Amino acid sequence: MNIDRYRVKPNSKVKLADWDPGDDSQFDGDKKDAPKALEKLTDRLEELQELLYAESKHKLLIVLQAMDTGGKDGVIRHVFDGVNPQGVKVAAFKAPTPIELSHDYLWRIHQHTPARGEIVIFNRSHYEDVLVVRVHNLVPEDVWRKRYDQINAFEEMLAEEGVTILKFYLHISKDEQKERLQERLDDPAKHWKFSSGDLAERKRWPDYMAAYEEMLERTSTKHAPWFVVPANRKWYRNLVISHTVIGALEELKMQFPAAEPGLDKIVIE
Ligand code: ATP
Ligand code: MG
């Protein structure tokens, strides 16, 4: 799989209309082979996560952003299936509380960045502060505009402190969102996921696309790249993300800590 084609090159222009949400070109097999392929990848991820935890040296931060129904929850369930919950945390960022709002926007974020040996997955993130906040004019433009540079500086600091950062924008089409919202309406078991507020956001689709484009252009950096993941096909989305995470962990060249000397002479009575 050549996932590099989904990485946003630093300072490049992004037109999301040119990125096909239905792309599945990097998977050689047939769709029906996808579950097996993912199973292999999740097994590998399980091994690497154990190594990360055991070595307790590196830190991994995964940021997930998407329009409603984009598949953030599905990625968390399927890509991280089988990892040891002890070393993996999910932090979900909803509309800020009054206390959170009384601080700077990165305050609530920083508390959840990974410690040594940990993987933290952000389900939404500080990027909401240049997305929903921009689309709804929650702060003046001169305030949110400064945030691209602030976020880059924040992430650069994290990277220098040993955090590997991977950011995924799950790219679905507006039609696909319609289908997924309809499924939530039609299936009583999915009603809990349906929020009529999502329809109001859907109406602002073009504004969101513009906000996402500028976010991708301004904050995809060497130390914290964005990937635009084709996400209309759930199986493909999972494969791309799993592949990317595994590749990043393999690059860390991790090793289990050295054993205590003399283990071979120990006899347990
Ligand atoms: P999700 O929509 O992520 O699947 P959910 O439906 O359980 O999860 P919601 O209650 O919809 O959660 O909370 C997410 C909402 O919070 C989104 O509409 C998002 O735009 C909003 N939100 C997140 N961060 C901020 C922020 N910094 N400022 C304003 N709104 C925010
Ligand atoms: Mg929601």
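Since we're looking at a predicted model, the values are computed, not measured.

## A word on the overall build of the protein
No. 1: When helices and strands are tallied, the protein shows eleven helices and five strands.
No. 2: Relative to its length of 269 residues, the protein is compact, with a C-alpha radius of gyration of 20 Å against a globular reference of 18 Å.
No. 3: Overall size of the protein, expressed as C-alpha extent along the three principal axes, is 70 × 45 × 40 Å.
No. 4: Every one of the 269 residues in the protein was classed for burial, and the buried ones make up 48%.
No. 5: When contacts within the protein are restricted to residue pairs at least 6 apart in sequence, those whose partners lie at least 24 apart make up 81%.

## Structural notes on the environment of serine 102
No. 1: Relative to the helices and strands, serine 102 is located in the loop between helix H3 (98-101) and helix H4 (107-110).
No. 2: Looking at serine 102, its side chain comes within polar contact range of the main-chain oxygen of isoleucine 99, at 2.7 Å.

## Observations concerning the sheet that holds strand E3 (residues 119-123)
No. 1: The strand order across the open sheet formed by five strands is E2-E3-E1-E4-E5, and the pairing between neighbours is parallel. Edge positions in the sheet fall to strand E2 (88-92) and strand E5 (226-230), since each has one partner strand and no second. Between one strand and the next, the sheet's axes are offset by a mean angle of 20°, whatever the strand orientation.
No. 2: Where strand E1 (residues 59-66) and strand E4 (residues 163-171) come together, eight bridges link them in parallel fashion. Residue pairing in the sheet places valine 63 in a bridge with lysine 167 of E4.

## Looking at unusual backbone geometry
No. 1: The phi dihedral of asparagine 11 falls on the positive side, at around 60°, and the residue is not glycine.
No. 2: Take asparagine 11: it is sitting in the segment before helix H1 (34-55).

Here is what the cut-offs are and how they apply
The residue count restarts for each chain, going from 1 along the sequence in the order it is written. Here every chain gets a letter starting at A, and every ligand a number starting at 1, in the order they are written. Restriction of local features to residues with pLDDT of at least 70 applies here, the model being predicted, together with a cutoff of 80 or more for giving and counting side-chain atom pairs; totals for whole chains, interfaces and linings are based on all residues. As a convention, hydrogens and water are excluded, and side-chain values are obtained from all of the structure's heavy atoms. Put simply, DSSP marks the helices as runs of H or I at least four residues long and the strands as runs of E at least two long, and each gets a number from the N terminus on. Only C-alpha atoms enter the radius of gyration; for comparison, a globular chain is expected to reach 2.2 Å times N to the power 0.38, where N is the number of residues. Burial classification: accessible surface area is computed with a 1.4 Å probe over protein chains only, and a residue below 20% of its type maximum counts as buried, one above 50% as exposed, and the rest as partly exposed. Here a residue-residue contact requires only that any non-hydrogen atoms of the pair lie within 4.5 Å. Side-chain atoms alone can form a polar contact between residues adjacent in sequence; in general such a contact is a pair of N or O atoms within 3.5 Å, and within protein one must be able to donate a hydrogen while the other accepts it. Here a strand pair is declared whenever DSSP counts at least two bridges between the two strands. Only C-alpha atoms enter the line fits that serve as axes; for helices the fit covers just the stretch in contact. Angles between N-to-C directions range over 0 to 180 degrees.

By themselves, these observations are geometric and do not establish any function.
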